[in-house]
Amino acid sequence: MTTETHTESTEATAPTGVVLTDVAAVKVKALIEQEGRDDLRLRIAVQPGGCSGLRYQLFFDERSLDGDIVNDFGGVEVVVDRMSGPYLAGATIDFADRIDAQGFTIDNPNAQNSCACGDSFH
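Quantities reported herein were computed from a predicted structural model and do not represent experimental measurements.

What follows is about the overall build of the protein chain. Along its length, the protein chain carries two helices and eight strands. Element order for the protein chain, N to C, with α for helix and β for strand: β-α-β-β-β-β-α-β-β-β. In the protein chain, which comprises 122 residues, the share counted as buried stands at 32%. Nonlocal contacts in the protein chain, meaning residues at least 24 apart in sequence, comprise 53% of its contacts between residues at least 6 apart. Counting every atom, the protein chain has about 8200 Å² of accessible surface; 49% of that belongs to carbon and sulfur.

Here it is in C-alpha coordinates:
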(Lines give C-alpha, C1' and ligand atoms only; values in the text may rest on other atoms or scores of the structure.)
Protein backbone atom coordinates (compact mmCIF):
# COMPACT_ATOMS: atom_id res chain seq x y z
CA MET A 1 0.00 0.00 0.00
CA THR A 2 1.39 3.39 -0.97
CA THR A 3 0.23 6.71 0.25
CA GLU A 4 0.79 9.99 -1.44
CA THR A 5 2.00 12.88 0.60
CA HIS A 6 1.17 16.37 -0.43
CA THR A 7 3.31 19.20 0.73
CA GLU A 8 1.85 22.64 0.74
CA SER A 9 3.88 25.77 0.55
CA THR A 10 3.91 27.77 3.75
CA GLU A 11 5.14 30.88 1.99
CA ALA A 12 2.89 33.89 2.21
CA THR A 13 1.37 34.90 -1.09
CA ALA A 14 1.14 38.57 -0.09
CA PRO A 15 4.17 40.75 -0.75
CA THR A 16 6.29 41.22 2.34
CA GLY A 17 8.16 44.40 1.56
CA VAL A 18 8.10 47.78 -0.03
CA VAL A 19 8.94 48.07 -3.74
CA LEU A 20 11.00 50.99 -5.03
CA THR A 21 10.60 51.59 -8.77
CA ASP A 22 13.69 52.10 -10.92
CA VAL A 23 12.76 55.76 -11.45
CA ALA A 24 12.41 56.34 -7.70
CA ALA A 25 15.67 54.48 -6.97
CA VAL A 26 17.57 56.75 -9.38
CA LYS A 27 16.05 59.83 -7.72
CA VAL A 28 16.82 58.59 -4.19
CA LYS A 29 20.40 57.78 -5.18
CA ALA A 30 20.82 61.28 -6.67
CA LEU A 31 19.42 62.92 -3.53
CA ILE A 32 21.73 60.90 -1.27
CA GLU A 33 24.71 61.85 -3.45
CA GLN A 34 23.70 65.53 -3.12
CA GLU A 35 23.86 65.10 0.66
CA GLY A 36 27.46 63.90 0.27
CA ARG A 37 26.94 60.94 2.60
CA ASP A 38 27.11 57.21 2.05
CA ASP A 39 25.42 56.15 5.29
CA LEU A 40 21.88 57.27 4.43
CA ARG A 41 18.98 54.98 3.62
CA LEU A 42 15.42 55.78 2.62
CA ARG A 43 13.11 55.08 5.54
CA ILE A 44 9.36 54.79 5.08
CA ALA A 45 7.02 54.58 8.04
CA VAL A 46 3.41 55.07 8.97
CA GLN A 47 2.63 57.43 11.82
CA PRO A 48 -0.59 58.36 13.62
CA GLY A 49 -2.28 61.35 12.03
CA GLY A 50 -3.91 62.39 8.81
CA CYS A 51 -7.64 62.52 8.23
CA SER A 52 -8.13 58.76 8.29
CA GLY A 53 -5.83 57.82 11.15
CA LEU A 54 -2.41 57.17 9.61
CA ARG A 55 -0.01 59.05 7.36
CA TYR A 56 3.22 58.21 5.58
CA GLN A 57 6.67 59.44 6.50
CA LEU A 58 9.44 59.23 3.93
CA PHE A 59 12.90 60.45 4.95
CA PHE A 60 16.62 59.72 4.89
CA ASP A 61 17.95 57.98 7.96
CA GLU A 62 21.31 56.65 9.07
CA ARG A 63 19.88 54.71 12.02
CA SER A 64 19.31 50.98 12.27
CA LEU A 65 16.43 50.06 14.52
CA ASP A 66 15.71 46.68 16.04
CA GLY A 67 13.41 44.75 13.72
CA ASP A 68 14.01 46.91 10.63
CA ILE A 69 13.08 45.37 7.30
CA VAL A 70 15.72 46.33 4.72
CA ASN A 71 15.44 45.90 0.95
CA ASP A 72 18.10 46.89 -1.56
CA PHE A 73 17.14 48.38 -4.92
CA GLY A 74 20.19 48.91 -7.11
CA GLY A 75 22.33 50.13 -4.23
CA VAL A 76 19.54 52.11 -2.55
CA GLU A 77 18.43 50.65 0.77
CA VAL A 78 14.79 51.09 1.73
CA VAL A 79 14.09 50.57 5.42
CA VAL A 80 10.73 49.90 7.10
CA ASP A 81 10.41 49.63 10.87
CA ARG A 82 8.84 46.57 12.46
CA MET A 83 5.58 48.33 13.38
CA SER A 84 5.06 49.87 9.92
CA GLY A 85 5.87 46.68 8.01
CA PRO A 86 2.34 45.17 7.98
CA TYR A 87 0.82 48.47 6.79
CA LEU A 88 3.34 48.80 3.96
CA ALA A 89 3.60 45.22 2.68
CA GLY A 90 3.35 45.37 -1.10
CA ALA A 91 3.41 49.16 -1.29
CA THR A 92 5.20 50.69 -4.30
CA ILE A 93 7.21 53.90 -4.04
CA ASP A 94 7.54 55.78 -7.32
CA PHE A 95 8.73 59.22 -8.36
CA ALA A 96 6.65 61.49 -10.57
CA ASP A 97 8.27 64.29 -12.52
CA ARG A 98 5.46 65.77 -14.55
CA ILE A 99 4.06 69.23 -15.01
CA ASP A 100 1.00 68.33 -12.90
CA ALA A 101 2.80 66.35 -10.20
CA GLN A 102 6.31 66.08 -8.84
CA GLY A 103 7.56 64.06 -5.94
CA PHE A 104 7.45 60.61 -4.45
CA THR A 105 4.20 58.69 -4.64
CA ILE A 106 3.14 55.65 -2.65
CA ASP A 107 0.74 53.10 -4.09
CA ASN A 108 -0.36 50.99 -1.15
CA PRO A 109 -2.73 48.04 -1.64
CA ASN A 110 -3.40 48.12 2.13
CA ALA A 111 -4.95 51.59 1.93
CA GLN A 112 -8.68 50.92 2.02
CA ASN A 113 -9.93 54.44 2.52
CA SER A 114 -8.78 57.66 0.97
CA CYS A 115 -9.56 61.23 1.78
CA ALA A 116 -9.11 64.67 0.31
CA CYS A 117 -5.63 65.16 1.72
CA GLY A 118 -4.41 62.16 -0.28
CA ASP A 119 -1.54 61.19 2.02
CA SER A 120 -3.20 59.09 4.69
CA PHE A 121 -5.02 55.81 4.96
CA HIS A 122 -7.04 53.81 7.45
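Turning to the packing of aromatic side chains, a few remarks are in order. Evaluated as defined, the whole model comprises one aromatic pair. Ring geometry for F95 and F104: centres 4.9 Å apart, planes at 65 degrees, overall edge-to-face.

One pass over the full model with this rule turns up eight salt bridges. When the shortest N-O distance is used, the salt bridge between D39 and R37 registers 3.0 Å. Here D39 falls in the partly exposed class, since its relative accessible area comes to 37%. A residue is classified by how much of its surface remains accessible, and R37, at 36% relative accessible area, is partly exposed. With a closest N to O distance of 3.5 Å, E77 and R41 form a salt bridge. Of this pair, E77 sits in strand β5 (residues 76–80) while R41 sits in strand β2 (residues 41–48); the two residues are 36 residues apart in sequence, bridging distant segments of the chain. Judged by relative accessible area, which is 31%, E77 ranks as partly exposed. A residue is classified by how much of its surface remains accessible, and R41, at 12% relative accessible area, is buried.

Of note is the side chain of R41, whose polar atom sits 2.8 Å from the side chain of S64. With residues near it in sequence (within four places) discarded, R41 still touches F59, F60, D61, R63, S64, D68, V70, E77 and V79.

Mean pLDDT for the protein chain: 81, with 75% of residues reaching 70 or above. Ignoring residues within four places in sequence, the model shows residues 5–14, a span with pLDDT below 50, making zero contacts including any to other chains.

Our next topic: the sheet that holds strand β6 (residues 92–97). The pairing of strands in a sheet comes from backbone hydrogen bonds and takes either a parallel or an antiparallel form. A sheet is described by the order of its strands in space; here three strands give the open sequence β1-β6-β7, paired in mixed fashion. Every interior strand has two partners, whereas the edge strands, β1 (19–20) and β7 (102–107), have only one. Two elements, β1 and β6, share two bridges in a ladder whose sense is parallel. The partner of V19 across the bridge, within β6, is T92. Packed on one face of the sheet, helix α1 (residues 22–35) meets β1, β6 and β7 and runs near 75 degrees to β6.

Criteria and cut-off values
Counting restarts for each chain: residues are numbered from 1 in the order of the written sequence. With the structure being a predicted model, the display of local features is reserved for residues of pLDDT at least 70 and the display and counting of side-chain atom pairs for 80 or more, all residues being used for whole-chain, interface and lining totals. No hydrogens and no water enter the side-chain calculation; it runs on all heavy atoms of the structure. Per the convention used, a helix needs a DSSP run of H or I reaching at least four residues, while a strand needs a run of E reaching at least two, with both numbered from the N terminus. Burial classes: relative accessible area under 20% of the type maximum marks a residue as buried, over 50% as exposed, and values in between as partly exposed (1.4 Å probe, protein chains only). A contact between two residues is defined here by any heavy atoms of the two lying within 4.5 Å. Surface accessibility follows the Shrake-Rupley procedure with a 1.4 Å probe radius. Residue values consider only the protein chains on display as shielding. Centre distance within 6.5 Å is the pairing criterion for rings of Phe, Tyr and Trp, where only the six-membered ring of Trp is used; planes under 30 degrees apart are then read as stacked, over 60 as edge-to-face, and the remainder as tilted. A pair is scored as a salt bridge if a Lys or Arg side-chain nitrogen falls within 4 Å of a carboxyl oxygen belonging to Asp or Glu. Polar contact is the term for a pair of N or O atoms within 3.5 Å; when the atoms are in protein, one must be able to donate a hydrogen and the other to accept it, and sequence-neighboring residues count only if both atoms are side-chain atoms. Values of pLDDT, which run from 0 to 100, indicate the predictor's confidence residue by residue. Here a strand pair is declared whenever DSSP counts at least two bridges between the two strands. Axis lines are fitted to C-alpha atoms, over the contacting stretch for helices. Their N-to-C directions set the angle, which ranges from 0 to 180 degrees.

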